[in-house]
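# Coordinate analysis (summary)
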Amino acid sequence: VTLIRKPNPSPAESEVIADYEETHRELLASRIFPPPPLRFAVGDQVQCQYREGWLLGEVIDLWYRESEWPPERPSAPYQVQLFRGGVLIYAVRDNDNCIRLPPST
């Protein structure tokens, strides 16, 4: 799930953005702070939905924030470094549509 806004997101990316914005509204409305516990820890290997589909990576940070995000924007549950190319992304939701355990080998 991409995690970096671009001018013309694909339909899948638009869905993720809408999902993220809905979660943000829900958190603000319910006043659930601090955020709930996360499923993954720093160092865990995961799969993330990204432009090309599901890609393997490693969780490198929890409750990630970009410096330019306004204070009212919630943190992303995870920052992940993809194994393919070392790209840094963030997962906007902690659910299996965005980030999941890799399949067993």
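It should be noted that the structure appears before, not after, this text.
These numbers come from a predicted model, not from an experiment. (Residues numbered from 1 in each chain as written. Predicted model: local features only at pLDDT ≥ 70, side-chain atom pairs only at ≥ 80, totals over all residues. Heavy atoms only, no water.)

### Quick notes on the side chain of Q47
Our working definition: Numbering of helices and strands runs from the N terminus; a helix is a DSSP stretch of H or I covering at least four residues, while a strand is a stretch of E covering at least two. Throughout this description, buried means an accessible area under 20% of the type-specific maximum (1.4 Å probe, protein chains only), exposed means over 50%, and partly exposed covers the range between.
The residue Q47 is located in strand β1 (residues 45-50) in this model. Judged by its relative accessible area of 10%, Q47 falls in the buried class.

### Points about the state of the cysteines
Counted only if it meets this: Working definition: a disulfide is two cysteine sulfur atoms within 2.5 Å of each other.
Enumeration over the complete set of coordinates arrives at 0 disulfides. Here C48 stays free of any disulfide, with the sulfur of C98 as its closest cysteine sulfur at 6.5 Å.

### A word on the sheet that holds strand β5 (residues 99-100)
Condition: Pairs of strands are assigned from DSSP output, requiring at least two bridges between the strands.
On the basis of which strands lie adjacent, the open sheet formed by 5 strands has the order β4-β3-β2-β1-β5 and antiparallel pairing. For this open sheet the edge positions go to β4 (88-91) and β5, each flanked by a neighbour on one side alone. The sheet contact formed by strand β3 (residues 76-82) and β4 spans 4 bridges and is antiparallel. Bridging from a neighbouring strand, Y78 pairs with A91 of β4.

### Details of the packing of aromatic side chains
Quick note on the threshold: Aromatic pairing here means that ring centres of Phe, Tyr or Trp (its six-membered ring) are within 6.5 Å. Orientation follows from the plane angle: under 30 degrees is stacked, over 60 is edge-to-face, and everything else is tilted. In this scheme, Lys NZ or Arg CZ marks a charge over a ring once it lies within 6 Å of the ring centre and within 35 degrees of the ring normal.
For the structure shown, the criterion picks out 4 aromatic pairs. Relative to W69, the ring of Y64 lies with its centre 6.1 Å away and its plane at 80°, an arrangement referred to as edge-to-face. An aromatic cluster of at least three residues, connected via ring pairs, comprises Y64, W69 and Y90. The ring of W69 has R73 lying over it, and the distance from NZ or CZ to the ring centre is 4.1 Å. Against the face of W54 rests R100, its NZ or CZ located 3.6 Å from the ring centre.

### Concerning the pattern of salt bridges
The condition that has to hold: Salt bridges are defined as contacts in which a side-chain nitrogen from Lys or Arg sits within 4 Å of a carboxyl oxygen from Asp or Glu.
Counted by the stated rule, this structure contains 2 salt bridges. With a closest N to O distance of 2.7 Å, D94 and R39 form a salt bridge. Of this pair, D94 sits in the loop between β4 and β5 while R39 sits in the loop between α1 (11-30) and β1, placing them 55 residues apart in sequence. What makes D94 partly exposed here is its relative accessible area of 24%. Residue R39 is classed as partly exposed on the basis of its relative accessible area, which comes to 40%. We note a salt bridge from R39 to D96, for which the minimum N-O separation is 2.7 Å. With R39 in the loop between α1 and β1 and D96 in the loop between β4 and β5, the pair connects residues that are 57 residues apart, well separated along the chain. Each of the salt bridges in this network shares a partner with another, and the network as a whole consists of R39, D94 and D96.

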